[in-house]
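One-letter residues, chain by chain:
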Amino acid sequence: MKPCSNLLAILEELAEDAKLVDGGEVEAVKDLIVKAERVFVAGAGRSGFAARGFANRLMHLGYSAYFVGEPTTPSIQQGDLLIIGSGSGETGSLKVMAQKALDQGAMLATLTIFPANTIGSIASAYIKIPGVTSKVEKEAGKETSIQTKGSSFEQLSWLIYDSIIIDLKRETGQTDADMFARHANLE
């Protein structure tokens, strides 16, 4: 068998980037989830795919969780939490969404490369992820990537979301069987 060198290089890159993620920031976002009445998750493009997967896992844990933009997503209210995945922190539709959530009395958290940008600057908590985007380069502790711009941010977002699920699963004392009981069965 010949190992896939690109796959190994991606995993090495993600392992190095993961060392730059502050566990205290991850804990702060997790704590907001625990306090929230309901959790709304949003992201555009590939970051949105990772966010959608996170909303799904939160539902498996029994949280009232919604991906923003689905027809069955209710209105956000005071006591709710909106989590936005945005590498740049400047995506137009997500900036409007973040402000609207705050105007409704909801809390805001974000995963971003640039916490000083618009979304991060108005969030109650953020998780800073090293990365390179096509909008802004050579900042946030990472100048290059072997991958297409944005890919490492999206992949690390997915892994951070999964790490939060591991903590929440442990803290709520749930098993895989508990979670599977909430898994879709009309597939």
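Along every chain, residues carry numbers that run from 1 in the direction the sequence is written. Only residues with pLDDT of 70 or above have their local features reported here, since the model is predicted, and side-chain atom pairs are shown and tallied only from 80 upward, although totals for entire chains, interfaces and linings are computed over all residues. Water and hydrogen atoms were dropped before computing side-chain values, which therefore reflect all heavy atoms in the structure.

## Details of the overall build of the chain
Segments assigned H or I by DSSP are reported as helices when at least four residues long, segments assigned E as strands when at least two residues long, and all are numbered from the N terminus. Secondary structure assignment for the chain yields 7 helices and 5 strands. Along its sequence from the N terminus, the chain presents helices and strands in the succession α-α-β-α-β-β-α-β-α-β-α-α. As a reference, a globule follows 2.2 Å times the number of residues to the power 0.38, and the radius of gyration itself is taken over C-alpha atoms. Computed over C-alpha atoms, the radius of gyration of the chain comes to 16 Å, within 12% of the 16 Å expected from 2.2 N^0.38 for 187 residues, which places it in the range of a compact globule. Expressed as a percentage of the 187 residues in the chain, the buried residues total 44%. Only protein chains enter the accessibility calculation, which uses a 1.4 Å probe; a residue is then buried when its area is under 20% of its type maximum, exposed when over 50%, and partly exposed in between.

## Describing the sheet that holds strand β4 (residues 107-112)
The criterion for strand pairing is that DSSP finds at least two bridges linking the strands in question. Spatially, the 5 strands line up as an open sheet ordered β2-β1-β3-β4-β5, and their pairing is parallel. Bordering the open sheet on either side are β2 (65-67) and β5 (125-128), each of which pairs with just one other strand. Within the sheet, the average angular offset between the axes of one strand and its neighbour, ignoring direction, is 15 degrees. Sheet topology places strand β1 (residues 39-43) next to strand β3 (residues 81-85); 5 bridges connect them, and they run parallel. Note on β3: the bridge partner recorded for Val39 is Leu81. Helix axes are fitted only over the stretch in contact, all axes being lines through C-alpha atoms; the angle between N-to-C directions runs from 0 to 180 degrees.

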